[in-house]
Amino acid sequence: MQHITNQSLLSFMVPNEQQGIAVNNPATGDVLGFAPVSVEQDILGSIERASVAQKEWAALPSKSRSAVLLSWYQLILDNKEDLGRLMTLEQGKPLAEAQGEVLYGASFIQWFAEEAKRTYGETIPTPSGDKRLLTIKQPVGVACAITPWNFPIAMITRKAGPALAAGCSFIVKPSESTPLSAFAVAELAYQAGIPRDVLQVVLGSDARQVGRIFTSHPLIRKLSFTGSTQVGRVLMQQSANDIKRTSMELGGNAPFIVFDDADIDAAVVGAMASKFRNAGQTCVCANRFYVHSKVYDEFVSKFSAAVQQLKVGNGLDEGVSIGPVISAAAKQNIQSLIDGAIAQGAQPMSELRTLDGLFMQPVVLKNVTHDMDIIANEIFGPVAPVIKFSDDQQLIEMANDTIYGLASYFYSQNIHRVWKIAEALEYGMVGINEGMISNEVAPFGGVKQSGIGREGAKQGIDEYMNIKYLCFGGN
Ligand code: NAP
């Protein structure tokens with residue numbers, strides 16, 4: 001691949017389709033290369049090796065695990081350009097965004113390298129004079145993960161960082177649409193000194209088969225999944241047999257609310273960042289906009305003007321802000337939501353041009369109503385439907401009227417309203433006068449059918465540790 005300077009990042013690649021799966025560039029349709037595929041026996045072998053290696057890894061002082069993780073962090077930073085290009089090639093997001101994801105992904109390795117040293121237990125005041133009580137935290141054992149294509153590196157490091165810091169070994173199955181970034185970032189982990197059996201990337205020929213192995217193998221003690229609610233539900237059901245520990249980072253349907261006391265220009269900036277990053281393909285993307293009737297026309301026209309400035313194209317090209325969507329099926333799904341909304345009375349604010357390949361013209365839809373299909377579904381594309389509201393109570397009912405509860409956003413300058421609305425929104429995360437909320441230091445996660453567990457922050461490492469209670473008698 002001529003775009004990659006450090007060819008050692010690609011040492012995992014196999015020469016042809018007989019030995020691996022073809023990975024395509026969504027911007028051009030070209031085959032980029034072939035990623036190695038594991039058959040069932042290989043995956044079973046990986047799990048057994050991970051189990052043996054975990055004991056040695058956990059026995060290292062946390063300071064040593066921390067040091068190796070920091071070396072990995074540094075190598076990711078050193079290879080930011082190449083990792084970013086590789087990500088753009090296989091995922092489609094613009095280069096600046098891809099490099100931003102590399103840094104965001106690396107931040108979890110740095111953060112959890114530090115947290116490795118702080119997995120404190122506690123002493124508990126005793127209820128009886130002859131006992132002394134305390135807790136320690138221990139790694140769960142072999143942890144595994146299944147991750148999506150929309151953040152090919154960050155969704156892995158957000159799990160691998162805490163797992164390895166805690167003393168677990170870690171096996172990840174990336175999406176078959178974007179495995180190259182996953183294998184490349186793991187290559188850097190090995191160069192940093194993380195043993196090959198402690199961190200493994202496996203790509204089965206069938207995601208369902210890998211899911212079944214991960215959820216049923218007795219040596220796997222933890223599954224962390226990021227992806228759709230539909231697949232998360234299946235994996236939780238499969239995990240129930242063995243009462244396996246799971247974390248679920250699932251779908252969202254984020255409301256973005258603009259009150260009549262909002263700074264409208266700031267709301268437009270927040271809306272652009274929240275809606276159009278990654279061509280609208282993030283779980284925290286604003287999915288539906290609710291704008292107060294007094295500022296509706298102003299917001300819609302400023303928002304649409306900003307959207308018309310977005311340049312669609314190959315993410316490697318200068319100035320491009322919207323790359324292709326991930327697949328033909330995704331494009332068709334987004335298009336049918338747009339067509340359905342228009343048939344039900346929504347009005348596009350700009351000409352709806354049909355673009356070639358996997359590209360889509362970003363658009364704002366006005367005169368949308370809360371009962372349209374486009375509001376009930378996760379759009380995962382560059383389309384912004386805007387609804388008019390005039391009553392705060394009704395607004396809250398509409399905003400919470402979904403099975404999802406991941407991210408939400410609102411703009412208001414009234415401090416009383418800010419508290420009231422922030423508390424009333426049934427979401428794991430609330431952006432207040434802010435459209436970009438994710439970072440490594442804050443707990444990321446959802447409520448309702450958006451998931452269970454938190455990633456990042458001081459809470460993230462607990463997902464990979466058991467609390468053990470020690471009771472000392474006869475004192
Ligand atoms: P997806 O279809 O659920 O796929 C996610 C991962 O699961 C991929 O690795 C996929 O493999 C694998 N998979 C699919 N079916 C499976 C099965 N039956 N058993 C085991 N694994 C299976 O989701 P997606 O379309 O790739 O990603 C978009 C979704 O992820 C959206 O709903 C988005 O909101 C959500 N997401 C959530 C977060 C969060 O933190 N909450 C972050 C990012 C994305 P293949 O791709 O190889 O088929």
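Residues numbered from 1 in each chain as written. Predicted model: local features only at pLDDT ≥ 70, side-chain atom pairs only at ≥ 80, totals over all residues. Heavy atoms only, no water.

Near the ligand, the surroundings consist of 29 residues, among which Thr 147, Ser 175, Ser 228, Leu 250 and Glu 378 are the closest. Here an oxygen atom of the ligand and a side-chain polar atom of Lys 173 are 3.1 Å apart. Leu 250 has a polar backbone atom sitting 2.8 Å from a nitrogen atom of the ligand. In isolation the ligand has 900 Å² of accessible area, and contact with the protein removes 85% of it. Taken together, the elements giving at least two residues each to the shell around the ligand come down to helix H5 (154-166), helix H7 (207-216), strand S8 (220-226) and helix H8 (229-240). With 3 residues, the single largest contributor to the shell around the ligand is H7. Class assignment for the residues of the shell around the ligand results in 14 nonpolar, 9 polar and 6 charged. (Near = heavy atom within 4 Å. Polar contact = N/O pair within 3.5 Å; in protein donor to acceptor, adjacent residues only side chain to side chain. Areas by Shrake-Rupley, 256 points an atom, 1.4 Å probe, with all protein chains shown as cover. Helix = DSSP H or I, 4+ residues; strand = E, 2+ residues; numbered from the N terminus. Nonpolar A, V, L, I, M, F, W, Y, C, P; charged D, E, K, R; others polar.)

Either a parallel or an antiparallel arrangement is found when strands of a sheet pair, and the pairing is made through backbone hydrogen bonds. The strand order across the open sheet built from 7 strands is S12-S13-S14-S11-S10-S15-S16, with neighbouring strands paired in mixed fashion. A single partner strand is all that each edge strand has here, and the edge strands are strand S12 (347-348) and strand S16 (429-432). Taken together, the 4 bridges between strand S15 (residues 407-411) and S16 define a ladder with parallel strand orientation. Across the sheet, the residue bridging to Ser 408 is Val 430, located in S16. The strands touched by helix H13 (residues 392-399) within the sheet are strand S10 (254-258), strand S11 (286-292) and strand S14 (383-389), with S11 carrying the most contacts at an inclination of about 170°. (Pairing = 2+ DSSP bridges. Contact = heavy atoms within 4.5 Å. Axes fitted to C-alpha atoms, helices over the stretch in contact; angles between N-to-C directions.)

Under the counting rule described, the total for this entry stands at 18 salt bridges. The salt bridge partner of Glu 455 is Arg 158, with a shortest N-O separation of 2.7 Å. Placement of the pair is Glu 455 in the loop between strand S17 (451-452) and strand S18 (465-472) and Arg 158 in helix H5, with a sequence separation of 297 residues. Of the two residues examined, Glu 455 and Arg 158, each falls in the buried class. Here Asp 242 and Lys 244 are joined by a salt bridge, their closest N and O atoms 3.5 Å apart. Because the salt bridges share partners, they merge into one network encompassing Asp 260, Asp 261, Lys 294, Asp 392 and Arg 417. (Salt bridge = Lys/Arg side-chain N within 4 Å of Asp/Glu carboxyl O. Buried < 20%, exposed > 50% of the residue type's maximum accessible area, 1.4 Å probe, protein only.)

Along the chain, Glu 440 falls in the loop between S16 and S17. Buried and unpaired, Glu 440 has Arg 158 as its nearest opposite-charge partner, separated by 10 Å. Only 3.5 Å separates the side chain of Glu 440 from the side chain of Ser 107, close enough to count as a polar contact. Contact partners of Glu 440, with chain neighbours within four places excluded, come to Ser 107, Phe 108, Trp 111, Gly 456 and Ala 457. (Lys, Arg positive; Asp, Glu negative; His and termini not counted.)

Look at helix H1 (residues 40-59) against H7: their axes get within 11 Å of each other, and the N-to-C directions meet at 35°. For the crossing formed where H1 meets H7, the hand is right-handed. Contacts between H1 and H7 involve Glu 40, Ile 43, Leu 44 and Ile 47 on the former and, on the latter, Gln 209, Val 210, Ile 213 and Phe 214. Taken together, the residues that form the contact of H1 with H7 break down as 6 nonpolar, 1 polar and 1 charged. (Left-handed = near helix turned anticlockwise from the far one by under 90°.)

Contact geometry for helix H3 (residues 80-91) and helix H4 (residues 95-115): axes closest at 8 Å, N-to-C directions at 120°. One way to sum up the angle between H3 and H4 is to call them oblique. The interaxial crossing formed by H3 with H4 has right-handed handedness. Of the residues in H4, those in contact with Lys 80, Glu 81, Leu 83, Gly 84, Arg 85, Met 87 and Thr 88 of H3 are Leu 95, Ala 98, Gln 99, Glu 101, Val 102 and Leu 103. Broken down by class, the residue content of the contact of H3 with H4 amounts to 6 nonpolar, 3 polar and 4 charged. (Parallel < 35°, antiparallel > 145°, perpendicular 65-115°, else oblique.)

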